[in-house]
Amino acid sequence: MLTIKILGSGCANCKRLEQIASKVVSDLAVEAEVIKVTDYNDIMSYNILSTPGLVIDEKVVSSGRVPSPAEVTTWIANALVAH
Amino acid sequence: MEIYSSIIGLLQGGLGNLAAYLAAHVLLCLVPAFYIAGAMTALIPKESVTRFLGRNAPKYVSYSAAALAGSVLAVCSCTIVPLFAGIYKKGAGLGPAITFLFFAPAANILALVYTGSVIGPDLAFARLFLSLAFGIGIGLIMALIFRRSDIAHDKATDAMFSAQSQRGMSRASLAFLLILVALLLAGTLKVGLLINSYGQVTLPIPGMERFQEFLYQLVPYDPAKGEEGVTAQGAILIGLLVLIGFSSWKGMEHIHEGFNRWTWIALGLVCLTLLTASLGMQPHAGGLDIRFTGKFFGVFLALWLLAWLLFKKLTEDQRRDFLWESWRFVKQIFPLLVVGVFTVGVIRMLIRPEWIEALAGENTLLGNLAGVIFGVFMYFPTLVEVPIAKMFLSLGMHRGPLLAYLMADPELSLQSILITATIIGRLKAWVYVFWVALFSTLAGLIYGSWVDGTSIGIVALYLIAFLAVLSLTLYLVNKRSSQKATFHSTASTD
């Protein structure tokens, strides 16, 4: 089971990233938990300089932009292989 | 009956203000500015600036990098807050973080362009330079006042900043950004080369003159009060704007799933609108004269180059990020701006010029303080401070207090105070507010005296004298505290 975290305080880009991540997860039918992290201290502990951030299994894969569904799919697939 | 007609009058004032703003100011300045902001967010790699913000960077590097980050990276709170917290907690410390926070709202491209086109380039430049000088000044002061806690707190790592790769901008992205700026300049600069017309056609559309008369009746205006009417060209442009809004909603909202037909329609409409706005139009009894100005050719050339770069040179990811970020800015800021401008138009009818003139008609200490206090206690969404400032100006406010207000309002919004408080603590946040209020008042006084005719040399002298006193004080305090620190450390080794 994957843990996917969306880092961001609730700005438009964070919501969009959450939508994309959830959609990819359901399209791929992988077992994954999507968690929103909104507390600034928690966000800062991931060493990112701009939100939204995407964290898969505690590893930051993107920050500061909204990645495309294709990119998110690749990252999730990589994480599954690592499992 | 009286109440009824006065309500109609108020609504007419609001609508008139809105229509005049949309037609006159939005297109050739705000549309490119939104795209520039989008391109900056999407195409400038943040690492290229932030790697100078580490804890080990020398002071002059970290403060200038903080100011630069404020003006090019921080167009929205998505970037401002994490970057502010990052600089403070893991990077260069409180001083540069404050400089960044102060400079970002005053010097981002949207604020500068809008101030320049609505109120005047002189005020935009004053806003830029004084914010830069004072942003660094306040940063230094804060770093000094709170130096103990700044050193004590989180010595841990600046690995986050220094380990960043030195990825620069690709040449295509840089060219793209520069041509966007050129597009903005071609549309807004008022120089002969761009304003002169180089050809003219007359379209035989009957009734154009009556259409124009009708518009002036619909939105009555009084040039003496600084109001603007709506021209036939303005009405066409407003119609095009509505179409752009609609097609963008369809085409940009789901751009992460790929381009669709509406995306192309929206982009085509944006180009068409910018070209229409750059033409000169003169309705008369026989039809409509269309003048091909230098502006038109400049805008056409810039658009053509942009399209070529966008589709041939940028990667698909960059293209998508650029369009999405630009659309997001429009979606986030534009509706608030429309509501704000309308409200300003209504309020404009209710305020008597005598009140403003009595309070801030002259460049006095009291007038500047009034401007600052209004800025601190009122909270307006991004960019709405500009039409409000324009209203004050037309009601007789002096340009000095006006600048004081423009410096204080975005710097000290409720939002920024709250953010500052959660990240650096309440005491530091309020000390920051105090300094911003003081410096804004000062900025207004200095700029106001320049407007009143004091020679630039004397103004520069004031500024230098003030900065000299400030740095001397800082130097002395610093020296004393470092002496104390050595004394303490020798005492403890004994």
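What you see is a predicted model; the values in this text were computed from it and never measured.

Draft legend 1. Region of the structure containing the overall build of chain B. Looking only at helices and strands, chain B has 23 helices and three strands in total. Counting across all 494 residues of chain B, residues that qualify as buried make up 46%. By sequence separation, contacts in chain B at least 24 residues apart represent 82% of the contacts at least 6 residues apart.

Draft legend 2. Just the overall build of chain A, in detail. Along chain A, the regular secondary structure elements total three helices and four strands. A globule of 83 residues ought to have a C-alpha radius of gyration of about 12 Å, and chain A, at 12 Å, matches this closely. Projecting the C-alpha coordinates of chain A onto the three principal axes gives extents of approximately 30 × 25 × 15 Å. Long-range pairs, those at least 24 residues apart, make up 65% of the contacts in chain A with a sequence separation of at least 6.

Draft legend 3. Just unusual backbone geometry, in detail. All names here are of chain A. Look at A29: it is not a glycine, yet its phi comes out positive at around 55 degrees. By the secondary structure assignment, A29 is in the loop between α1 (12-28) and β2 (32-37). One non-glycine residue with positive phi stands out, namely D57, at about 50 degrees. Mapped onto the elements of the fold, D57 is located in the loop between β3 (53-56) and β4 (59-63). By C-beta crowding, D57 is classed as partly exposed, having 17 other C-beta atoms within 10 Å.

Draft legend 4. Focus on the sheet that holds β4(A). Residue and element names in this part refer to chain A. Taken in spatial order, the four strands make up an open sheet running β2-β1-β3-β4, and their pairing is mixed. Lying at the two open borders of the sheet, with one neighbouring strand each, are β2 and β4. Neighbouring strand axes in the sheet, compared pairwise and without regard to direction, differ in orientation by 20 degrees on average. Where strand β1 (residues 2-7) and β2 come together, six bridges link them in parallel fashion. If you follow L2 over to β2, its bridge partner there is A32. Against the sheet, helix α3 (residues 69-82) contacts β1, β3 and β4, and its axis sits at roughly 25 degrees relative to β3.

Draft legend 5. Examining the packing of helix α6 (residues 109-118) of chain B against helix α19 (residues 385-394) of chain B more closely. Residue and element names in this part refer to chain B. As a packed pair, α6 and α19 sit with axes 10 Å apart at the nearest point and diverge in direction by 25 degrees. Our classification of the angle between α6 and α19 gives roughly parallel. Relative to α19, α6 is oriented so that their crossing is right-handed. Residue-level contacts link Y114, T115 and V118 of α6 to V386, P387 and K390 of α19. Split by residue class, the contact of α6 with α19 holds four nonpolar, one polar and one charged.

Draft legend 6. How the structure looks around the confidence of the model for chain B. All names here are of chain B. On average, residues of chain B score 80 in pLDDT, and 88% of them are at 70 or above. Predicted confidence in chain B is weakest over helix α9 (residues 159-162), with a mean pLDDT of 56, and strongest over helix α15 (residues 294-313), with 91. Under a pLDDT of 50 for its full length, residues 488-494 has, in the predicted model, zero contacts with residues more than four places off or in other chains.

Draft legend 7. Geometry of the pairing of strand β1 (residues 197-203) of chain B. Residues and elements named next belong to chain B. Here β1 lies mainly on the outside; zero of its seven residues are buried. As paired elements, β1 and strand β3 (residues 287-293) share five bridges and run antiparallel to each other. Each residue of the ladder has a partner; that of S197, found in β3, is T293.

Draft legend 8. Quick peek at the nonpolar core. Residues and elements named next belong to chain B. Counting residues in hydrophobic clusters, the biggest one holds 151 residues, and the most contacted among them are A33, A39, F84, F100, L180 and A443. If one sorts the elements of this core by residue count, helix α1 (residues 2-43) sits on top with 19 residues. Both of domain 1 (47-166 + 351-454) and domain 2 (170-334) provide at least three residues apiece to this core. Those residues in contact with L180 that sit more than four places away from it in its chain are P32, Y35, I36, A39 and L306.

Draft legend 9. Spatial organisation of the environment of L303(B). Residue and element names in this part refer to chain B. Looking at the secondary structure, you find L303 in helix α15. Separated by 17 residues in the primary sequence, L303 and R320 have C-alpha atoms spaced 18 Å apart. Those residues in contact with L303, other than ones at most four positions away along the chain, are L183, C271 and L274.

Draft legend 10. Just the pairing of β4(A), in detail. Residue and element names in this part refer to chain A. For β3 and β4, the ladder comprises four bridges, and the chain directions are antiparallel. In the strand pairing of β4, I56 is matched with K59. Counting the residues in the hairpin turn of β3 and β4 gives two residues, including D57, whose phi is positive at 50 degrees.

Draft legend 11. Summary view of the environment of V346(B). All names here are of chain B. Relative to the elements of secondary structure, V346 occurs in helix α16 (residues 316-348). V346 gets classed as partly exposed once you count the C-beta atoms within 10 Å, which come to 18. The spacing of V346 and G400 is 54 residues in sequence and 25 Å in space, taken between C-alpha atoms. Apart from residues lying up to four places away in sequence, V346 is in contact with L10, G13 and G14.

Draft legend 12. Spotlight on the interface of chain B and chain A. With 22 residues of chain B in contact, the opposing surface of chain A contributes 18 residues. Looking at the side of chain B that touches chain A, the elements with two or more residues in it are α4 (77-90), α16 and α21 (414-424) of chain B. Per-class residue counts for the side of chain B that touches chain A are eight nonpolar, seven polar and seven charged.

Reading the values: rules and limits
- Residues numbered from 1 in each chain as written.
- Chains lettered and ligands numbered in written order.
- Predicted model: local features only at pLDDT ≥ 70, side-chain atom pairs only at ≥ 80, totals over all residues.
- Helix = DSSP H or I, 4+ residues; strand = E, 2+ residues; numbered from the N terminus.
- Buried ≥ 20, exposed ≤ 12 C-beta atoms within 10 Å, placed from the backbone.
- Contact = placed C-beta atoms within 7 Å.
- Rg over C-alpha atoms; globule rule 2.2 N^0.38 Å.
- Pairing = 2+ DSSP bridges.
- Axes fitted to C-alpha atoms, helices over the stretch in contact; angles between N-to-C directions.
- Parallel < 35°, antiparallel > 145°, perpendicular 65-115°, else oblique.
- Left-handed = near helix turned anticlockwise from the far one by under 90°.
- Nonpolar A, V, L, I, M, F, W, Y, C, P; charged D, E, K, R; others polar.
- pLDDT = per-residue confidence, 0-100.
- Core = buried A, V, L, I, M, F, W, Y, C linked by C-beta atoms within 7 Å.
- Domains from an automatic or database assignment.

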